[in-house]
Amino acid sequence: MNRRFIVIDYNVRDYPFAYTLSREVFRVRKLNILHLSWLRQTGREALSYNDNMRLRKLMQRLPDDALFYKVYHKWIKDHIAPHYNNQISYSAHPKMRVHLAQTGCVSAFHEDADVTKREEQINCYLPFTDVYDGCSLFVETGYGKGDYEAINLKYGQALIWDGGRLRHGTRFNDTPTTRVSCDFRFKPLDLEHTPSPWCDVLADRPIQTLIPTDKNVAEGYH
């Protein structure tokens, strides 16, 4: 894993993301076997990219006053903001993600800053299931290396990293686990007074990465 990556551990009983999504969105007991429930519901023998998109839209339709968003904002207030002197701007609505077991790639490899044009933003990958191997995000270990490794995290962990300029994407989910996750970007407003390692997430960027190289990358769907 890249030396600038930061893994945050938190108590899922205090921040019950999986419970809220199971109750408010999917009506399933466990998110990691969402594919089994969806197979029964659709009556099909196999699932596809379109199923991932359809389930993702269910998450995106949550109203601002949903329990999920209350947990989300509290989590950022408690686990991100304090490391940056409680001075950050961040996405009020994170990007919701579903990657069902035994379905194909849901994101071509890309760098977020080519799309956002926001070089100063830091990424947070926040999964609501255990993520590993084919059900997770693949990220290059260093800028321009193209040597992609799966980000392995447990539910109850999150990753702070440079998704703006480290190329990343997904592959066929060959695991028995469905990934349900979100990701968001934030900008520290007082980086000068932010201690290490929090201020160092973007520190290793080569100068040439400040110039977007791909104008045709669509919004990443991790």
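Treat the numbers as computed from the prediction; the structure is a model and nothing was measured. (Residues numbered from 1 in each chain as written. Predicted model: local features only at pLDDT ≥ 70, side-chain atom pairs only at ≥ 80, totals over all residues. Heavy atoms only, no water.)

### Considering the confidence of the model for the protein chain
Mean pLDDT over the protein chain works out to 93, with 93% of the residues at or above the 70 mark. Segment residues 209-222: pLDDT under 50, and 42 contacts once partners within four positions in sequence are set aside and those in other chains are kept. (pLDDT = per-residue confidence, 0-100. Contact = heavy atoms within 4.5 Å.)

### Some thoughts on the nonpolar core
Generally speaking, a soluble globular protein has its nonpolar side chains buried in company with each other. Membership of the largest hydrophobic core comes to 43 residues, with the highest contact counts inside it found for Phe-17, Phe-26, Trp-75, Ile-80 and Ile-160. Once residues within four sequence positions are removed from consideration, Ile-80 is found in contact with Ile-8, Trp-75, Ile-88, Ile-160, Phe-184 and Phe-186. Listed in part, the 11 residues of the second largest apolar core include Val-131, Leu-137, Tyr-143 and Ile-151. (Core = buried A, V, L, I, M, F, W, Y, C linked by side-chain atoms within 4.5 Å. Buried < 20%, exposed > 50% of the residue type's maximum accessible area, 1.4 Å probe, protein only.)

### Considerations on the environment of Cys-105
Along the polypeptide, Cys-105 turns up in the loop between β3 (95-99) and α5 (113-116). Remark: the alpha-carbon pair of Cys-105 and Gly-169, spanning 64 residues in sequence, is separated by 8.2 Å. Beyond its immediate stretch of four places on either side in the chain, Cys-105 contacts Tyr-49, Thr-170, Arg-171 and Phe-172. (Helix = DSSP H or I, 4+ residues; strand = E, 2+ residues; numbered from the N terminus.)

### Considering helix α3 (residues 49-60)
An ideal rise of 1.5 Å per residue puts 16 Å on 12 residues; α3 measures up with 17 Å between its terminal C-alpha atoms. Among the structural elements, α1 (17-26), α2 (34-42), β3 and β9 (179-188) are those in contact with the buried residues of α3. (Expected span 1.5 Å × (residues − 1).)

### As for helix α4 (residues 67-79)
Between its first and last C-alpha, α4 extends 18 Å over 13 residues, near the 18 Å set by a 1.5 Å rise per residue. Where α4 is concerned, the buried positions are Phe-68, Tyr-69, Val-71, Tyr-72, Trp-75, Ile-76 and His-79. Looking down the long axis of α4, one finds its buried residues gathered within 160 degrees of arc, a one-sided arrangement. Exposed and facing more than 90 degrees away from the buried side of α4 are Lys-70 and Lys-77. (Arc of directions from axis to C-beta.)

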